[in-house]
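# Remarks on the overall topology
Letter by letter, the chains look like this.
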Amino acid sequence: IGTRSGLKINYITHGFIERLDETTELSIYQIVLESTNNVIKHAAAKNVTVQLLKYPDYINITIEDDGIGFDLNEKIFSGNGLGNIVSRVKSLKGTIDMDSKRASGTTFFIDIPYKNTQD
């Protein structure tokens, strides 16, 4: 994605020793993919950082770009992309917080409850 779009993607992960269950892995992949596609289509960003951190009881996903940002009151659910992200997070019983201001980029903070059955 980064090569075709010219977007520099920084990917950081910590705490993932074993694979997650297939449903959770696929949902996280879809959330990150949709978020990255939104950055490419709408943010006019040069950089995006995707960070996945696994804690004992939850997974944190932070996606931050240096793009044009948007007014949360205007666009929060317009279009399928952002709505799909929110829907996927809710289906995992997670929470999502967004921080965005015009000309200041956008950051998504996502927490998904998760307890590895092998822990």
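Scroll up a little and you will see the structure.
Residues numbered from 1 in each chain as written. Predicted model: local features only at pLDDT ≥ 70, side-chain atom pairs only at ≥ 80, totals over all residues. Heavy atoms only, no water.

## Points about the sheet that holds strand 3 (residues 58–65)
Pairing within the open sheet is mixed, and its five strands lie in the order 1-2-3-5-4. Here the strands that pair on one side only, and so sit at the sheet edges, are strand 1 (8–14) and strand 4 (95–100). The mean inter-strand angle of the sheet, taken between neighbouring strand axes irrespective of direction, is 10°. As judged from the seven bridges shared by strand 2 (residues 47–54) and strand 3, these two strands associate in the antiparallel manner. Bridge pairing in strand 3 links valine 50 to isoleucine 63. Packing of helix 2 (residues 22–43) onto the sheet brings it into contact with strand 1, strand 2, strand 3 and strand 5 (106–113), and relative to strand 3 it is tilted by some 10°. Strands in contact with helix 4 (residues 80–91) are strand 4 and strand 5; relative to strand 4, the strand with the most contacts, it is inclined by about 145°. (Pairing = 2+ DSSP bridges. Helix = DSSP H or I, 4+ residues; strand = E, 2+ residues; numbered from the N terminus. Axes fitted to C-alpha atoms, helices over the stretch in contact; angles between N-to-C directions. Contact = heavy atoms within 4.5 Å.)

## Section: the environment of threonine 95
Summarising the element assignment, threonine 95 is placed in strand 4. Separated by 14 residues in sequence, threonine 95 and phenylalanine 109 have C-alpha atoms that sit 8.1 Å apart.

## Side note on helix 2
If you check helix 2, its first and last C-alpha atoms are 30 Å apart, about what 22 residues at 1.5 Å a residue would give, namely 32 Å. Looking only at helix 2, the buried set comprises Thr24, Ser27, Ile28, Ile31, Val32, Glu34, Ser35, Thr36, Asn38, Val39 and Ala43. Contacts made by the buried residues of helix 2 are with strand 1, strand 2, strand 3, helix 4 and strand 5. Sitting at the head of helix 2, aspartate 21 places a side-chain oxygen 3.3 Å from the backbone nitrogen of threonine 23. Remark: alanine 44 follows helix 2 within two positions and exhibits a positive phi of approximately 55°. (Expected span 1.5 Å × (residues − 1). Buried < 20%, exposed > 50% of the residue type's maximum accessible area, 1.4 Å probe, protein only. Polar contact = N/O pair within 3.5 Å; in protein donor to acceptor, adjacent residues only side chain to side chain.)

## Some points on the packing of helix 2 against helix 4
The geometry of helix 2 relative to helix 4 is characterised by a closest axis approach of 9 Å and an angle of 160° between their N-to-C directions. Of the possible angle classes, the one that applies to helix 2 and helix 4 is roughly antiparallel. Crossing geometry of helix 2 relative to helix 4 is assigned as left-handed. Residues Ser27, Gln30, Ile31, Glu34, Ser35 and Asn38 of helix 2 form the contact with helix 4, whose participating residues are Gly81, Leu82, Asn84, Ile85, Arg88 and Val89. When grouped by side-chain class, the residues that make up the contact of helix 2 with helix 4 number four nonpolar, six polar and two charged. (Parallel < 35°, antiparallel > 145°, perpendicular 65-115°, else oblique. Left-handed = near helix turned anticlockwise from the far one by under 90°. Nonpolar A, V, L, I, M, F, W, Y, C, P; charged D, E, K, R; others polar.)

## Some words on the side chain of serine 100
Tracing the chain through its elements places serine 100 in strand 4. Within polar-contact distance, the side chain of serine 100 engages the side chain of threonine 106 at 2.8 Å. Leave out the neighbours within four places in its chain, and serine 100 touches Gly69, Phe70, Leu72, Gly105 and Thr106.

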